[in-house]
Amino acid sequence: MIEILARQIPYVSDFEKIIQIKKGYSSDEKYLIHMPDDQGKLFLRIYKPEQLDAKKSEYALLEKMQDYGVASLKPIAIGKTMEKGYMITSYIEGNDAGEEISAYSEQEQYDLGIAAGKELKKMHQYAAPETIAPWHSRKIEKHRKYLDAYLSCGIKVKNDKQIMDFIDENIHLMEQRPNLFQHDDFHLGNLIVKNKKLAGVIDFDRYDWGDPIHEFLKIGIFSRGISVPFSRGQIKGYFQGEEPGEEFWRLYSLYMAMCVFSSVIWTLNTIPEETNDMLQKIDTFLDDHDYFSRLQPKWYNKLSIYE
């Protein structure tokens, strides 16, 4: 079926081979396209035709990332056939960083984190369009919906009242935060590595706008459990080798606390079979922060030999 469809799409109609990529939670169908001769490989996403306007926005975003020098997929074409919508981009050669990094030395893991932090900083040059509402108003509305859903879902996280109190005491800090581009899924699983170096960042389809510090919560949920050196490096790379101050850690902790409730509900609604795994991740980062009686997580304070 995909072969017939691909023959209708410009730029890939003369393909030699198509391989489906099944990783990730996106509803898009994803394919690696082997082109003839020296044309190399392309990346094809297939989506529902009614998603075309949203995909055009994502396509324009990828064009903007090229303007900022971000190592990301290069947009090539977008459109629709009679049956499906499609987007064609370049293909980044390499492997999933989350699957490879455990074989790296601590220094190599840390260096990869430095490179990732620098790429994230480039992305955050892009300011939100004026039509996007302020970050704090959108985030507070989302948080209240997630919290209401959590309170009625039947799952109870230990010391949830203490977590809610911490949020209430610090939520005002979002009011003056910048409204910038957010990749919103920036973690090791969305980084491609080649020869132990960062080759590129993928999966921009969940992008949002808001406080750039919000991006770092993926460290606390995912990356920190895979590689502490990488996680520490990402923060140091983002801040150009400097230590972030209390403002960063207080906002980071605020977003991690809010994430407790959104993560429970998102997992229940999207991948309920992974609920226990997510609850374990939540327990881990709550312990990292002693249920937010401490701002800087315990793992960050571990003595580093790679700095």
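Scroll up to find the structure this text is about.
To keep things clear, this report deals only with the structure shown in the data block. This structure is a prediction, so every number in the text was calculated from the model and none was measured.

Moving on: the sheet that holds strand β2 (residues 29-34). Sheet architecture is open: five strands sit in the order β1-β2-β3-β5-β4, paired in antiparallel fashion. With partners counted over all chains shown, the strands left at the sheet margins are β1 (17-21) and β4 (75-80), one partner each. Across this sheet, the average inter-strand angle for adjacent strands is 20°, counted without regard to direction. Bridge count between β2 and strand β3 (residues 41-47): six bridges; the pairing is antiparallel. Counterpart to histidine 34 in the pairing with β3 is lysine 41. This element, helix α2 (residues 52-67), spans β3, β4 and β5 (85-90) of the sheet and lies at about 170° to β4.

So, on to the nonpolar core. Leu112, Met123, Ile163, Tyr252, Tyr255 and Leu286 are the most contacted members of the largest nonpolar core, which totals 69 residues. For methionine 123, the contacting residues outside a window of four places in its chain are Met65, Val70, Phe181, His183, Phe186, Val201 and Phe204. Listed in part, the 16 residues of the second largest apolar core include Ile2, Ala6, Val12 and Ile88.

Attention now moves to the side chain of glutamate 119. Within the secondary structure layout, glutamate 119 lies in helix α4 (residues 106-123). Other than its neighbours up to four places away in sequence, glutamate 119 contacts Gly69, Val70, Ala71, Leu198 and Val201.

Turning to the packing of aromatic side chains, a few remarks are in order. Taken as a whole and judged by the stated rule, the model has 20 aromatic pairs. Relative to tyrosine 300, the ring of tryptophan 299 has its centre 5.9 Å away and its plane inclined at 70°; by these criteria the two rings are edge-to-face. Summarising the burial analysis for this pair, tryptophan 299 and tyrosine 300 share the class buried. Ring-pair connections join several aromatic residues into one group, and the members of that group are Phe216, Tyr238, Phe239, Phe248, Trp249, Tyr252, Trp299 and Tyr300. The cationic tip of arginine 7 hangs over the ring face of phenylalanine 15; the distance from NZ or CZ to the ring centre is 3.8 Å. Geometry around tyrosine 300 places arginine 232 over its ring, the cationic atom sitting 4.2 Å from the centre.

The next thing to look at is a negative patch on the surface. Taken together, the side chains of Asp14, Glu16, Asp37 and Asp38 present a region of like negative charge at the surface. Following the sequence through the fold, aspartate 38 ends up in the loop between β2 and β3. Overall, the relative accessible area of 74% leaves aspartate 38 in the exposed class.

Here we come to the pairing of strand β9 (residues 197-201). Looking along a regular strand, one sees side chains alternate from face to face of the sheet. Sheet analysis places strand β8 (residues 191-194) next to β9, joined by four bridges and oriented antiparallel. Counted as the bridge partner of isoleucine 192 is glycine 200 from β9. In this antiparallel pair of consecutive strands, β8 and β9, the connection spans two residues, and asparagine 195 shows a positive phi of 55°.

Residue position: serine 231 is located in helix α8 (residues 228-238). The buried category is assigned to serine 231, whose relative accessible area is 0%. Here the alpha-carbon distance between serine 231 and tyrosine 300, two residues 69 residues apart in the chain, equals 8.3 Å. Not counting the four nearest positions on each side in its chain, serine 231 is found in contact with Ile219, Ser223, Arg224 and Trp299.

By definition, the strands of a sheet pair up through backbone hydrogen bonds, in either a parallel or an antiparallel sense. Overall, antiparallel pairing links the three strands, which are arranged β6-β8-β9 in an open sheet. Sheet topology places β6 (95-96) and β9 at the edges, where each strand pairs with a single neighbour. Direction of pairing for β6 relative to β8: antiparallel, over a ladder of two bridges. Bridge pairing in β8 places asparagine 95 opposite valine 193. Across the face of the sheet, α4 comes into contact with β8 and β9 while running at roughly 30° to β9.

A few words now on the environment of aspartate 277. Relative to the helices and strands, aspartate 277 resides in helix α10 (residues 275-288). Residue aspartate 277 is classed as partly exposed on the basis of its relative accessible area of 35%. For the pair aspartate 277 and threonine 267, spaced 10 residues apart in sequence, the C-alpha to C-alpha distance is 9.6 Å. Among the polar contacts listed, one links the side chain of aspartate 277 to the side chain of lysine 281, at a separation of 2.7 Å.

What counts as what
Residues numbered from 1 in each chain as written. Predicted model: local features only at pLDDT ≥ 70, side-chain atom pairs only at ≥ 80, totals over all residues. Heavy atoms only, no water. Pairing = 2+ DSSP bridges. Helix = DSSP H or I, 4+ residues; strand = E, 2+ residues; numbered from the N terminus. Axes fitted to C-alpha atoms, helices over the stretch in contact; angles between N-to-C directions. Contact = heavy atoms within 4.5 Å. Core = buried A, V, L, I, M, F, W, Y, C linked by side-chain atoms within 4.5 Å. Buried < 20%, exposed > 50% of the residue type's maximum accessible area, 1.4 Å probe, protein only. Phe/Tyr/Trp six-rings, centres within 6.5 Å; stacked < 30°, edge-to-face > 60°. Lys NZ or Arg CZ within 6 Å of the ring centre and 35° of its normal. Patch = residues over 30% accessible without salt bridge, like charges linked within 9 Å, V, L, I, M, F, W, Y side chains within 5 Å. Areas by Shrake-Rupley, 256 points an atom, 1.4 Å probe, with all protein chains shown as cover. Salt bridge = Lys/Arg side-chain N within 4 Å of Asp/Glu carboxyl O. Lys, Arg positive; Asp, Glu negative; His and termini not counted. Charge placed at Lys NZ, Arg CZ, Asp CG, Glu CD. Polar contact = N/O pair within 3.5 Å; in protein donor to acceptor, adjacent residues only side chain to side chain.

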